[in-house]
Amino acid sequence: MLIPGPVNVPRSVAQNSSVVVNHRSEKFRNVVAELETLMKEAFSSSRVALLTGSGTLAVESMVFSLLSKNERVIVLTYGEFSERLLDSVRKRGASPSVYRKPFGQGFSTDEVKDIIESNKDATAIAFVHNETSTGIAFRKLKEVVKIAKDAGLKVLVDSVSGFAAYEIRVNEWGIDAVATGSQKALASVPGLGLVGLSEDGIKELQEDVPNYLNVKLHLNFQDKRETPFTPAVGVFFATLRAAELLRLEGIERRWRRHESCARYVRKIAQNAGFSLLGDESNFSNTVVAGVPPISPGSMIKELSRRGIEISGGMGELKDKIIRIGTLGMIDDRAVLRLRYALSDILKIDLTEQPPEECKLPESIIQEMDWDN
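Residues numbered from 1 in each chain as written. Predicted model: local features only at pLDDT ≥ 70, side-chain atom pairs only at ≥ 80, totals over all residues. Heavy atoms only, no water.

Re the environment of Leu 141
So, point 1. One can find Leu 141 in helix H6 (residues 141-150).
So, point 2. The spacing of Leu 141 and Ser 95 is 46 residues in sequence and 24 Å in space, taken between C-alpha atoms.
So, point 3. Apart from residues lying up to four places away in sequence, Leu 141 is in contact with Phe 127, His 129, Glu 167, Ile 168 and Trp 173. (Helix = DSSP H or I, 4+ residues; strand = E, 2+ residues; numbered from the N terminus. Contact = heavy atoms within 4.5 Å.)

Overview of the nonpolar core
So, point 1. With 99 residues, the main nonpolar core has Met 39, Leu 76, Ile 125, Phe 127, Ile 175 and Val 195 as its most contacted residues.
So, point 2. Looking at this core, the element that brings in the most residues is helix H10 (residues 233-249), giving 10 residues.
So, point 3. Here this core gathers at least three residues from each of two domains, domain 1 (11-249) and domain 2 (251-366).
So, point 4. Look past the residues within four positions of Phe 127 in its chain and what remains in contact with it is Leu 76, Leu 85, Phe 138, Leu 141, Val 144, Val 155, Leu 156, Val 157 and Asp 158.
So, point 5. Residues Cys 261, Val 265, Ala 269 and Cys 358 belong to the second largest nonpolar core, which totals 27 residues. (Core = buried A, V, L, I, M, F, W, Y, C linked by side-chain atoms within 4.5 Å. Buried < 20%, exposed > 50% of the residue type's maximum accessible area, 1.4 Å probe, protein only. Domains from an automatic or database assignment.)

Remarks on the domain arrangement of the protein
So, point 1. Entries for the protein in the domain assignment read domain 1 (11-249) and domain 2 (251-366).
So, point 2. Between domain 1 and domain 2, the C-alpha centre-to-centre distance is 26 Å.
So, point 3. Facing 31 residues of domain 1, the contacting portion of domain 2 comprises 33 residues.
So, point 4. Per-residue buried area on domain 1 facing domain 2 is highest for Phe 103, Arg 139 and Glu 249; these three make up 28% of the total on that side.
So, point 5. For the interface between domain 1 and domain 2, the tally reads four salt bridges.
So, point 6. The interface formed by domain 1 and domain 2 contains 18 residue pairs in polar contact (both at pLDDT 80 or more). (Buried area = accessible area lost by both parts, 1.4 Å probe. Salt bridge = Lys/Arg side-chain N within 4 Å of Asp/Glu carboxyl O. Polar contact = N/O pair within 3.5 Å; in protein donor to acceptor, adjacent residues only side chain to side chain.)

What to know about the UniProt feature "domain: Aminotransferase class V" (unreviewed entry) in the protein
So, point 1. As recorded in UniProt, the feature "domain: Aminotransferase class V" (unreviewed entry) lies at residues 21-313.
So, point 2. As a span, residues 21-313 carries 43% helix and 18% strand, and end to end its C-alpha atoms are 40 Å apart. (UniProt positions renumbered as here; feature names shortened; annotations may be inferred.)

Points about the sheet that holds strand E13 (residues 322-325)
Consider a sheet: its strands pair through backbone hydrogen bonds, and that pairing is either parallel or antiparallel.
So, point 1. Ordered by their spatial adjacency, four strands build an open sheet running E10-E11-E13-E12, and the pairing between neighbours is antiparallel. The open sheet has two free edges, formed respectively by strand E10 (275-276) and strand E12 (311-312), since each of these has just one partner strand.
So, point 2. Judged from the two bridges that link them, E10 and strand E11 (residues 287-291) form a sheet pairing that is antiparallel. Each bridged residue has a counterpart across the sheet, and for Leu 276 the counterpart in E11 is Gly 290. (Pairing = 2+ DSSP bridges.)

Section: the packing of aromatic side chains
So, point 1. In this structure the tally under the stated criterion is eight aromatic pairs.
So, point 2. For the ring pair Tyr 78 and Phe 138, a centre distance of 5.5 Å and an interplane angle of 85° mean the geometry is edge-to-face. Residue Tyr 78 is found in the loop between strand E2 (72-77) and helix H4 (80-92), and its partner Phe 138 is found in the loop between strand E6 (136-137) and H6; the two are separated by 60 residues along the sequence.
So, point 3. Between the aromatic rings of Phe 127 and Phe 138, the centroid separation amounts to 4.9 Å while the plane-to-plane angle is 55°, which identifies the pairing as tilted. One end of the pair, Phe 127, is in strand E4 (residues 124-128); the other, Phe 138, is in the loop between E6 and H6, with 11 residues separating them in the sequence.
So, point 4. Ring-pair connections join several aromatic residues into one group, and the members of that group are Tyr 78, Phe 107, Phe 127 and Phe 138.
So, point 5. Positioned above the aromatic ring of Phe 107 is the side chain of Lys 101, whose terminal nitrogen or guanidinium carbon lies 5.7 Å from the ring centre.
So, point 6. In this arrangement the basic side chain of Lys 224 is found over the ring face of Phe 221, its NZ or CZ atom lying 4.1 Å from the centre. (Phe/Tyr/Trp six-rings, centres within 6.5 Å; stacked < 30°, edge-to-face > 60°. Lys NZ or Arg CZ within 6 Å of the ring centre and 35° of its normal.)

Some words on the pairing of strand E8 (residues 177-181)
So, point 1. Among the five residues that make up E8, five are buried, leaving the element largely enclosed by the rest of the structure.
So, point 2. Burial of the side chains of E8 extends over both faces: Ala 177, Ala 179 and Gly 181 are buried on one face and Val 178 and Thr 180 on the other.
So, point 3. In terms of strand pairing, strand E7 (residues 154-158) meets E8 through three bridges, oriented parallel. Within E8, the residue paired with Leu 156 across the bridge is Ala 177.

Re the packing of helix H11 (residues 251-271) against helix H13 (residues 332-346)
So, point 1. Between H11 and H13, the shortest axis-to-axis distance is 11 Å and the interhelical angle comes to 5°. Between H11 and H13, the interaxial angle falls into the category roughly parallel. Two secondary-structure elements touch here, H11 through Cys 261, Tyr 264, Val 265 and Ile 268 and H13 through Val 335, Leu 336, Leu 338, Arg 339 and Leu 342.
So, point 2. Looking at the contact of H11 with H13 residue by residue, the class counts come to eight nonpolar, no polar and one charged. (Axes fitted to C-alpha atoms, helices over the stretch in contact; angles between N-to-C directions. Parallel < 35°, antiparallel > 145°, perpendicular 65-115°, else oblique. Nonpolar A, V, L, I, M, F, W, Y, C, P; charged D, E, K, R; others polar.)

This is the structure in C-alpha coordinates:
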(Lines give C-alpha, C1' and ligand atoms only; values in the text may rest on other atoms or scores of the structure.)
Protein backbone atom coordinates (compact mmCIF):
# COMPACT_ATOMS: atom_id res chain seq x y z
CA MET A 1 0.00 0.00 0.00
CA LEU A 2 1.37 3.36 -1.08
CA ILE A 3 -1.66 5.26 0.19
CA PRO A 4 -1.69 8.08 2.79
CA GLY A 5 -2.68 5.61 5.52
CA PRO A 6 -3.33 3.10 6.84
CA VAL A 7 0.12 1.73 6.11
CA ASN A 8 1.81 -1.65 5.82
CA VAL A 9 3.06 -2.53 9.28
CA PRO A 10 6.04 -4.55 10.53
CA ARG A 11 5.38 -8.22 11.20
CA SER A 12 5.74 -7.90 14.96
CA VAL A 13 3.25 -5.00 15.02
CA ALA A 14 0.70 -7.05 13.09
CA GLN A 15 1.22 -10.03 15.39
CA ASN A 16 0.77 -7.92 18.53
CA SER A 17 -2.51 -6.51 17.22
CA SER A 18 -4.17 -9.87 17.88
CA VAL A 19 -3.41 -9.89 21.61
CA VAL A 20 -6.50 -9.68 23.83
CA VAL A 21 -6.24 -9.47 27.62
CA ASN A 22 -8.26 -8.11 30.52
CA HIS A 23 -7.97 -4.33 30.16
CA ARG A 24 -7.92 -3.97 33.96
CA SER A 25 -5.09 -6.49 34.36
CA GLU A 26 -1.57 -5.67 35.47
CA LYS A 27 -0.31 -6.79 32.07
CA PHE A 28 -2.39 -4.19 30.29
CA ARG A 29 -1.61 -1.49 32.86
CA ASN A 30 2.07 -2.00 32.03
CA VAL A 31 1.30 -1.56 28.33
CA VAL A 32 -0.52 1.74 29.01
CA ALA A 33 2.36 3.06 31.10
CA GLU A 34 5.09 1.94 28.70
CA LEU A 35 3.26 3.28 25.67
CA GLU A 36 2.77 6.73 27.14
CA THR A 37 6.42 6.84 28.20
CA LEU A 38 7.62 6.06 24.69
CA MET A 39 5.16 8.43 23.06
CA LYS A 40 6.13 11.30 25.38
CA GLU A 41 9.68 10.72 24.20
CA ALA A 42 8.62 10.78 20.53
CA PHE A 43 6.42 13.89 20.91
CA SER A 44 8.91 15.51 23.28
CA SER A 45 5.86 16.32 25.38
CA SER A 46 4.79 16.30 29.02
CA ARG A 47 1.81 13.97 28.50
CA VAL A 48 0.23 11.93 25.72
CA ALA A 49 -3.44 11.00 25.87
CA LEU A 50 -4.11 7.49 24.49
CA LEU A 51 -7.55 7.34 22.87
CA THR A 52 -9.29 4.38 21.27
CA GLY A 53 -10.35 5.72 17.88
CA SER A 54 -9.02 7.25 14.69
CA GLY A 55 -6.91 10.33 14.08
CA THR A 56 -10.16 12.25 13.72
CA LEU A 57 -11.04 11.32 17.30
CA ALA A 58 -7.65 12.66 18.43
CA VAL A 59 -8.27 15.94 16.59
CA GLU A 60 -11.79 16.37 17.96
CA SER A 61 -10.63 15.49 21.47
CA MET A 62 -7.89 18.13 21.17
CA VAL A 63 -10.33 20.76 19.89
CA PHE A 64 -13.06 20.08 22.45
CA SER A 65 -10.63 19.72 25.36
CA LEU A 66 -8.46 22.80 24.71
CA LEU A 67 -10.90 25.32 23.29
CA SER A 68 -13.78 27.03 25.07
CA LYS A 69 -17.18 27.96 23.71
CA ASN A 70 -17.11 31.38 21.99
CA GLU A 71 -13.31 31.47 22.06
CA ARG A 72 -11.82 33.37 19.12
CA VAL A 73 -9.71 30.94 17.12
CA ILE A 74 -7.72 31.51 13.92
CA VAL A 75 -8.19 28.51 11.62
CA LEU A 76 -6.03 28.07 8.52
CA THR A 77 -7.53 25.83 5.86
CA TYR A 78 -5.91 24.56 2.67
CA GLY A 79 -7.43 21.13 2.03
CA GLU A 80 -10.05 18.57 2.92
CA PHE A 81 -8.71 17.77 6.40
CA SER A 82 -8.29 21.47 7.21
CA GLU A 83 -12.00 21.85 6.51
CA ARG A 84 -12.73 18.96 8.87
CA LEU A 85 -10.68 20.67 11.58
CA LEU A 86 -12.69 23.85 11.01
CA ASP A 87 -15.90 21.86 11.31
CA SER A 88 -14.75 20.51 14.69
CA VAL A 89 -13.92 24.02 15.92
CA ARG A 90 -17.39 25.21 14.94
CA LYS A 91 -19.10 22.25 16.58
CA ARG A 92 -17.19 23.03 19.76
CA GLY A 93 -18.96 26.38 19.75
CA ALA A 94 -15.79 28.41 19.32
CA SER A 95 -15.72 31.49 17.09
CA PRO A 96 -13.33 30.87 14.18
CA SER A 97 -11.64 33.47 12.00
CA VAL A 98 -11.14 31.45 8.82
CA TYR A 99 -8.37 31.93 6.27
CA ARG A 100 -8.45 29.73 3.18
CA LYS A 101 -6.04 28.80 0.43
CA PRO A 102 -7.07 26.99 -2.75
CA PHE A 103 -6.42 23.24 -2.59
CA GLY A 104 -2.81 22.71 -3.65
CA GLN A 105 -1.47 25.92 -2.12
CA GLY A 106 -0.04 26.55 1.34
CA PHE A 107 0.55 29.42 3.77
CA SER A 108 3.94 31.11 4.05
CA THR A 109 5.26 32.12 7.46
CA ASP A 110 4.89 35.78 6.49
CA GLU A 111 1.24 35.21 5.65
CA VAL A 112 0.67 33.51 9.00
CA LYS A 113 2.34 36.44 10.77
CA ASP A 114 0.10 38.94 8.97
CA ILE A 115 -3.01 36.90 9.78
CA ILE A 116 -2.12 36.75 13.47
CA GLU A 117 -1.39 40.48 13.59
CA SER A 118 -4.82 41.12 12.06
CA ASN A 119 -6.56 39.15 14.80
CA LYS A 120 -5.53 40.78 18.06
CA ASP A 121 -8.61 39.41 19.83
CA ALA A 122 -7.84 35.76 18.98
CA THR A 123 -6.59 33.53 21.79
CA ALA A 124 -5.75 30.40 19.78
CA ILE A 125 -4.72 29.15 16.35
CA ALA A 126 -5.51 25.73 14.87
CA PHE A 127 -4.21 24.24 11.64
CA VAL A 128 -3.31 21.02 9.87
CA HIS A 129 0.43 20.40 9.81
CA ASN A 130 0.42 18.07 6.79
CA GLU A 131 -2.57 18.20 4.44
CA THR A 132 -3.10 14.64 3.23
CA SER A 133 -5.57 15.65 0.54
CA THR A 134 -3.09 17.84 -1.37
CA GLY A 135 0.44 16.82 -0.41
CA ILE A 136 1.11 20.28 1.06
CA ALA A 137 2.56 20.94 4.53
CA PHE A 138 3.82 23.55 6.93
CA ARG A 139 7.49 22.68 6.48
CA LYS A 140 8.58 25.51 8.79
CA LEU A 141 6.40 24.42 11.67
CA LYS A 142 8.81 25.66 14.34
CA GLU A 143 8.75 29.19 12.89
CA VAL A 144 4.96 29.23 12.62
CA VAL A 145 4.60 28.08 16.24
CA LYS A 146 7.04 30.76 17.43
CA ILE A 147 5.08 33.49 15.65
CA ALA A 148 1.87 32.27 17.30
CA LYS A 149 3.37 31.86 20.77
CA ASP A 150 5.05 35.29 20.61
CA ALA A 151 1.54 36.66 20.03
CA GLY A 152 0.28 34.80 23.12
CA LEU A 153 -1.84 32.25 21.26
CA LYS A 154 -2.62 28.67 22.14
CA VAL A 155 -1.38 26.43 19.33
CA LEU A 156 -3.35 23.34 18.30
CA VAL A 157 -1.78 21.21 15.56
CA ASP A 158 -3.49 18.43 13.63
CA SER A 159 -0.48 16.32 12.68
CA VAL A 160 -2.33 13.09 11.98
CA SER A 161 -0.29 12.47 8.83
CA GLY A 162 2.77 14.46 9.90
CA PHE A 163 3.83 13.15 13.30
CA ALA A 164 6.99 10.97 13.12
CA ALA A 165 7.64 12.19 9.57
CA TYR A 166 8.78 15.72 10.50
CA GLU A 167 10.56 17.29 13.42
CA ILE A 168 7.99 18.14 16.10
CA ARG A 169 9.05 19.13 19.63
CA VAL A 170 6.01 19.92 21.72
CA ASN A 171 7.71 21.19 24.88
CA GLU A 172 10.72 22.90 23.33
CA TRP A 173 8.61 24.78 20.78
CA GLY A 174 5.75 25.54 23.15
CA ILE A 175 3.02 23.75 21.20
CA ASP A 176 -0.02 23.30 23.41
CA ALA A 177 -1.30 20.14 21.70
CA VAL A 178 -0.54 17.89 18.74
CA ALA A 179 -2.99 15.22 17.54
CA THR A 180 -2.08 12.15 15.51
CA GLY A 181 -3.16 8.59 14.78
CA SER A 182 -1.51 5.20 15.08
CA GLN A 183 -1.90 4.21 11.41
CA LYS A 184 0.32 6.83 9.77
CA ALA A 185 4.07 7.50 10.15
CA LEU A 186 4.10 5.73 13.51
CA ALA A 187 3.45 2.57 11.45
CA SER A 188 0.95 0.81 13.68
CA VAL A 189 -2.50 -0.57 12.91
CA PRO A 190 -5.51 1.78 12.85
CA GLY A 191 -7.46 2.39 16.03
CA LEU A 192 -5.47 4.62 18.40
CA GLY A 193 -5.61 8.41 18.56
CA LEU A 194 -2.86 10.27 20.41
CA VAL A 195 -2.71 13.82 21.74
CA GLY A 196 0.67 15.12 22.88
CA LEU A 197 0.50 18.00 25.38
CA SER A 198 2.85 20.56 26.87
CA GLU A 199 2.51 21.74 30.47
CA ASP A 200 0.68 24.84 29.21
CA GLY A 201 -1.59 22.62 27.16
CA ILE A 202 -2.43 20.51 30.20
CA LYS A 203 -3.43 23.67 32.09
CA GLU A 204 -5.84 24.57 29.26
CA LEU A 205 -7.81 21.32 29.44
CA GLN A 206 -11.55 21.98 29.77
CA GLU A 207 -14.16 20.15 31.84
CA ASP A 208 -17.33 20.73 29.77
CA VAL A 209 -16.43 18.04 27.26
CA PRO A 210 -18.23 14.81 26.26
CA ASN A 211 -16.59 11.96 28.16
CA TYR A 212 -15.21 10.16 25.12
CA LEU A 213 -13.51 13.36 23.92
CA ASN A 214 -12.29 14.38 27.37
CA VAL A 215 -8.49 14.39 27.29
CA LYS A 216 -8.28 15.30 30.98
CA LEU A 217 -10.39 12.27 31.89
CA HIS A 218 -8.11 10.00 29.87
CA LEU A 219 -5.00 11.43 31.52
CA ASN A 220 -6.52 10.95 34.98
CA PHE A 221 -7.03 7.26 34.22
CA GLN A 222 -3.58 6.97 32.69
CA ASP A 223 -2.20 8.17 36.04
CA LYS A 224 -3.56 4.84 37.30
CA ARG A 225 -2.16 3.09 34.18
CA GLU A 226 -5.67 2.51 32.89
CA THR A 227 -8.13 3.84 30.30
CA PRO A 228 -11.55 5.25 31.23
CA PHE A 229 -13.41 3.01 28.77
CA THR A 230 -12.81 -0.41 27.23
CA PRO A 231 -9.91 0.17 24.82
CA ALA A 232 -8.95 -1.54 21.57
CA VAL A 233 -6.62 -3.84 23.49
CA GLY A 234 -4.81 -5.33 20.51
CA VAL A 235 -4.17 -1.88 19.06
CA PHE A 236 -2.46 -0.83 22.30
CA PHE A 237 -0.14 -3.85 22.11
CA ALA A 238 0.53 -3.21 18.42
CA THR A 239 1.23 0.48 18.95
CA LEU A 240 3.54 -0.23 21.85
CA ARG A 241 5.57 -2.43 19.51
CA ALA A 242 5.48 0.30 16.85
CA ALA A 243 6.74 2.80 19.43
CA GLU A 244 9.55 0.41 20.37
CA LEU A 245 10.55 0.18 16.69
CA LEU A 246 10.43 3.96 16.44
CA ARG A 247 12.86 4.22 19.34
CA LEU A 248 15.03 1.53 17.73
CA GLU A 249 15.17 3.43 14.44
CA GLY A 250 15.53 6.77 16.19
CA ILE A 251 13.03 9.60 15.77
CA GLU A 252 15.47 11.86 13.92
CA ARG A 253 16.43 9.09 11.54
CA ARG A 254 12.75 8.44 10.85
CA TRP A 255 12.22 12.12 10.05
CA ARG A 256 15.12 11.97 7.58
CA ARG A 257 13.90 8.70 6.02
CA HIS A 258 10.47 10.15 5.32
CA GLU A 259 11.86 13.31 3.77
CA SER A 260 14.38 11.38 1.69
CA CYS A 261 11.86 8.86 0.33
CA ALA A 262 9.33 11.62 -0.43
CA ARG A 263 11.93 13.66 -2.32
CA TYR A 264 12.82 10.58 -4.35
CA VAL A 265 9.21 9.81 -5.27
CA ARG A 266 8.64 13.45 -6.24
CA LYS A 267 11.72 13.31 -8.47
CA ILE A 268 10.76 10.14 -10.32
CA ALA A 269 7.16 11.35 -10.65
CA GLN A 270 8.32 14.63 -12.18
CA ASN A 271 10.67 12.78 -14.54
CA ALA A 272 7.75 10.55 -15.51
CA GLY A 273 5.69 13.56 -16.55
CA PHE A 274 3.53 14.18 -13.50
CA SER A 275 2.39 17.72 -12.71
CA LEU A 276 2.81 17.85 -8.94
CA LEU A 277 1.13 19.99 -6.32
CA GLY A 278 3.44 22.00 -4.10
CA ASP A 279 7.07 23.05 -4.27
CA GLU A 280 10.22 22.97 -2.15
CA SER A 281 8.71 25.41 0.34
CA ASN A 282 5.65 23.30 1.17
CA PHE A 283 5.86 19.74 -0.16
CA SER A 284 4.76 16.91 2.11
CA ASN A 285 7.03 14.23 3.55
CA THR A 286 4.18 11.72 3.54
CA VAL A 287 2.06 12.34 0.41
CA VAL A 288 3.09 13.06 -3.19
CA ALA A 289 0.07 14.47 -5.02
CA GLY A 290 -0.44 15.57 -8.60
CA VAL A 291 -1.80 14.99 -12.08
CA PRO A 292 -0.28 11.93 -13.80
CA PRO A 293 0.54 11.82 -17.54
CA ILE A 294 -2.37 9.42 -18.05
CA SER A 295 -5.79 9.73 -16.43
CA PRO A 296 -5.81 9.36 -12.64
CA GLY A 297 -8.18 6.40 -12.90
CA SER A 298 -5.95 4.65 -15.41
CA MET A 299 -2.84 5.23 -13.31
CA ILE A 300 -4.53 3.82 -10.20
CA LYS A 301 -5.74 0.80 -12.17
CA GLU A 302 -2.37 0.10 -13.85
CA LEU A 303 -0.44 0.33 -10.58
CA SER A 304 -2.98 -1.96 -8.92
CA ARG A 305 -2.39 -4.55 -11.65
CA ARG A 306 1.28 -4.46 -10.62
CA GLY A 307 0.53 -4.92 -6.93
CA ILE A 308 0.79 -1.27 -5.87
CA GLU A 309 -2.15 0.56 -4.33
CA ILE A 310 -2.30 4.37 -4.42
CA SER A 311 -5.13 6.83 -3.78
CA GLY A 312 -7.17 9.24 -5.86
CA GLY A 313 -8.08 12.82 -5.03
CA MET A 314 -10.51 13.95 -2.33
CA GLY A 315 -13.23 16.59 -2.27
CA GLU A 316 -12.84 19.10 -5.08
CA LEU A 317 -9.79 17.19 -6.35
CA LYS A 318 -11.69 13.91 -6.72
CA ASP A 319 -10.87 12.23 -10.07
CA LYS A 320 -8.40 15.03 -10.84
CA ILE A 321 -5.20 13.88 -9.11
CA ILE A 322 -3.54 10.84 -7.62
CA ARG A 323 -1.91 10.64 -4.17
CA ILE A 324 1.07 8.42 -3.37
CA GLY A 325 1.67 7.70 0.31
CA THR A 326 5.30 7.84 1.45
CA LEU A 327 4.85 7.15 5.14
CA GLY A 328 5.24 4.47 7.74
CA MET A 329 7.88 1.88 6.92
CA ILE A 330 8.35 3.01 3.30
CA ASP A 331 11.97 2.40 2.27
CA ASP A 332 14.22 2.14 -0.79
CA ARG A 333 12.76 -1.24 -1.79
CA ALA A 334 9.20 0.07 -1.78
CA VAL A 335 9.97 3.18 -3.85
CA LEU A 336 12.06 1.14 -6.29
CA ARG A 337 9.02 -1.06 -6.93
CA LEU A 338 7.09 2.10 -7.71
CA ARG A 339 9.83 3.27 -10.08
CA TYR A 340 9.84 -0.04 -11.95
CA ALA A 341 6.05 0.03 -12.22
CA LEU A 342 5.94 3.60 -13.56
CA SER A 343 8.64 2.76 -16.11
CA ASP A 344 6.60 -0.20 -17.29
CA ILE A 345 3.28 1.65 -17.43
CA LEU A 346 4.60 4.75 -19.21
CA LYS A 347 7.25 2.96 -21.31
CA ILE A 348 9.99 5.33 -20.20
CA ASP A 349 13.42 4.81 -18.70
CA LEU A 350 13.54 5.89 -15.05
CA THR A 351 16.99 5.16 -13.63
CA GLU A 352 17.31 7.29 -10.49
CA GLN A 353 18.40 5.33 -7.44
CA PRO A 354 16.93 5.97 -3.97
CA PRO A 355 19.21 7.85 -1.58
CA GLU A 356 20.89 6.10 1.32
CA GLU A 357 18.70 7.85 3.90
CA CYS A 358 15.58 6.26 2.35
CA LYS A 359 16.67 2.87 3.72
CA LEU A 360 15.42 1.25 6.91
CA PRO A 361 18.03 0.34 9.52
CA GLU A 362 19.28 -3.25 9.36
CA SER A 363 17.66 -3.97 12.73
CA ILE A 364 14.19 -3.40 11.22
CA ILE A 365 14.59 -4.23 7.54
CA GLN A 366 13.54 -7.87 7.86
CA GLU A 367 10.25 -6.80 9.44
CA MET A 368 9.08 -5.51 6.04
CA ASP A 369 8.88 -7.79 3.02
CA TRP A 370 8.06 -5.59 0.05
CA ASP A 371 8.36 -8.50 -2.37
CA ASN A 372 5.06 -9.99 -1.21
